[in-house]
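Structural characterization, general
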Amino acid sequence: MSLVGTPLPDAEAQGLASVSSPTSGRRVVGALRRDRAAVAAAAFLGLLCLMALGAPLITALTGWGPYAFDSAAVDTGLGGVPRGSYGGIGADHLLGVEPQNGRDILARIVHGARVSLLIALSCTLLTGVLGVVLGMLAGFYRGWVDQVISRLMDFLMAFPALIFMIAILSSLPAGNRPVLLVVVISGFGWPYLARVIRGQTMALASREFVEAARASGARDRDLVFREILPNLRGPITVMATLAVPGYIGTEAGLSFLGVGLTPPTPSWGQMIANSVSWYQVDPMYFVIPGTFLFLTVLSLTVLGDRLRHAIDEGEAAA
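Now for a quick tour of the structure. What you see is a predicted model; the values in this text were computed from it and never measured. Position numbers for residues start from 1 in each chain and track the written sequence from start to end. Local features in this predicted model are restricted to residues of pLDDT 70 or higher, and side-chain atom pairs are both shown and tallied only at a pLDDT of 80 or more, whereas totals for entire chains, interfaces and linings draw on every residue. No hydrogens and no water enter the side-chain calculation; it runs on all heavy atoms of the structure.

Of all the positions in helix α7 (residues 161–171), only Ala161, Met165 and Leu169 are classed as buried. Down the axis, α7 shows its buried residues gathered within 55 degrees of arc, on one side only. Seen from the open side of α7, the exposed residues pointing more than 90 degrees away from its buried face are Ile163 and Ser171. Relative accessibility thresholds used throughout: buried, under 20% of the residue-type maximum; exposed, over 50%; partly exposed, between the two (1.4 Å probe, protein chains only). Secondary structure elements follow DSSP: runs of H or I of four or more residues count as helices, runs of E of two or more count as strands, with numbering from the N terminus. This arc corresponds to the set of directions leading from the helix axis out to the C-beta atoms.

What follows covers the packing of helix α4 (residues 55–62) against helix α5 (residues 105–141). It is at 9 Å that the axes of α4 and α5 come closest, and there the two elements cross at 170 degrees. Considering their axes alone, α4 and α5 lie roughly antiparallel with respect to each other. Residue-level inspection shows Ala55, Pro56, Ile58, Thr59 and Thr62 of α4 in contact with α5, the latter providing Leu106, Ala107, Val110, His111 and Arg114. By the convention adopted, Pro, Cys, Tyr, Trp, Phe, Met, Ile, Leu, Val and Ala count as nonpolar, Lys, Arg, Asp and Glu as charged, and the other residues, Gly among them, as polar. In the contact of α4 with α5, the residues fall into six nonpolar, three polar and one charged. Lines are fitted to the C-alpha atoms to define the axes, a helix being fitted only along its stretch in contact, and any angle between axes, read from their N-to-C directions, falls within 0 to 180 degrees. Here the word oblique covers every angle except those under 35 degrees (roughly parallel), over 145 (roughly antiparallel) and from 65 to 115 (roughly perpendicular). Residues count as neighbours in contact if any of their non-hydrogen atoms are within 4.5 Å of one another.

The criterion for an aromatic pair is that two Phe, Tyr or Trp rings (for Trp, the six-membered ring) have centres within 6.5 Å, with stacked assigned to planes under 30 degrees apart, edge-to-face to planes over 60 apart and tilted to the rest. Applying the stated criterion across every chain yields a total of six aromatic pairs. Between Phe155 and Phe159, the aromatic rings sit 4.8 Å apart at their centres with planes inclined by 90 degrees, giving edge-to-face as the arrangement. Clustering of aromatic rings is evident, with ring pairs tying together Phe155, Phe159, Phe164 and Phe188.

The next thing to look at is the packing of α5 against helix α11 (residues 233–256). Look at α5 against α11: their axes get within 8 Å of each other, and the N-to-C directions meet at 135 degrees. Of the possible angle classes, the one that applies to α5 and α11 is oblique. Considering how the two elements wind past one another, α5 and α11 form a crossing that is right-handed. Contacts between α5 and α11 involve Ser116, Leu117, Ile119, Ala120, Leu121, Cys123, Thr124, Thr127 and Val132 on the former and, on the latter, Ile236, Ala240, Ala243, Val244, Tyr247, Ile248 and Glu251. Split into classes, the residues belonging to the contact of α5 with α11 amount to 12 nonpolar, three polar and one charged. A clockwise turn of the near helix away from the far one marks a right-handed crossing, whereas an anticlockwise turn of less than a right angle marks a left-handed crossing.

Within this document, salt bridges are pairs made up of a side-chain nitrogen of Lys or Arg and a carboxyl oxygen of Asp or Glu, the two lying within 4 Å of each other. Scanning all chains against the criterion turns up 10 salt bridges. In this structure, Glu211 engages Arg214 in a salt bridge whose closest nitrogen and oxygen atoms are separated by 3.4 Å. Of this pair, Glu211 and Arg214 both sit in helix α9 (residues 208–215), three residues apart, which is roughly one turn of that helix. Of the residues examined, Glu211 reaches a relative accessible area of 38% and is grouped as partly exposed. Under the relative-accessibility criterion, Arg214 is labelled partly exposed at 34%. For the salt bridge of Arg226 with Asp222, the shortest nitrogen-to-oxygen distance reads 3.9 Å. With Arg226 and Asp222 both in helix α10 (residues 220–228) and four residues apart, this pair spans about one turn of that helix. For Arg226, a relative accessible area of 63% translates into the label exposed. The class for Asp222 is buried, based on a relative accessible area of 17%.

Just distances and angles here, no functional claims.
In structure tokens:
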């Protein structure tokens, strides 16, 4: 999986480039509801979002916050191994506790979900705005505008993104780490969307309905917002959906490497990194956050792929 944004294969890029009238949202929703994989993915994501939104309520009901230590839940005589089986899973701690400090894993998971989803959605929003605006400018005006934006895209895409993100985040002060992550990840992520939007805008700008609007005296602003942008809704939606799991994986990977979210802020990647030295004595400390991360990325990927198929089928039937 790419840590910033995976360039679309040629076949997919060509499929997205063949745009037609905007697909009916009702038709797309109906197609997704008939797809069991999409329904299962949406159900898990809905549950995860409810857990993230209700994190304060969950911790209030369990009695353990994400920063509270429970020294009674770990055996100090054995180096801090959780008491009981399966990492201390029981009535007091439904998903067990972290070794040594006894922090509740459920509380860390739900609060970590809030941070991961917020960062991923913020990256997707910022990347979408930059990618759509700059891609449409390059594809619509062409000429020197296209040259400048295209060279900037090539420049950013030529960088080994992970290495440079690690270097940049390592050199920046701790500050507001979530905001820094959003800015750095989005800075390397927007060219992938902009490249596709640029190609589609070029194709649309030469279509008959755009030429007819131009001949009738429509201004550039009207051509862009009334004629071209509505035909890009499907591809933008699909690419945004497929980008979210990449950004969640990026945040987790950077936190795993120690340059993402800083302790004690809950983070799935940070939990997985801390579990490395506890694999043999407490495998559940790795399994639980790893499973949540895997299922979240898988669900988003499956939903994005099914959404792309639903939109493509709707456009073919239109």
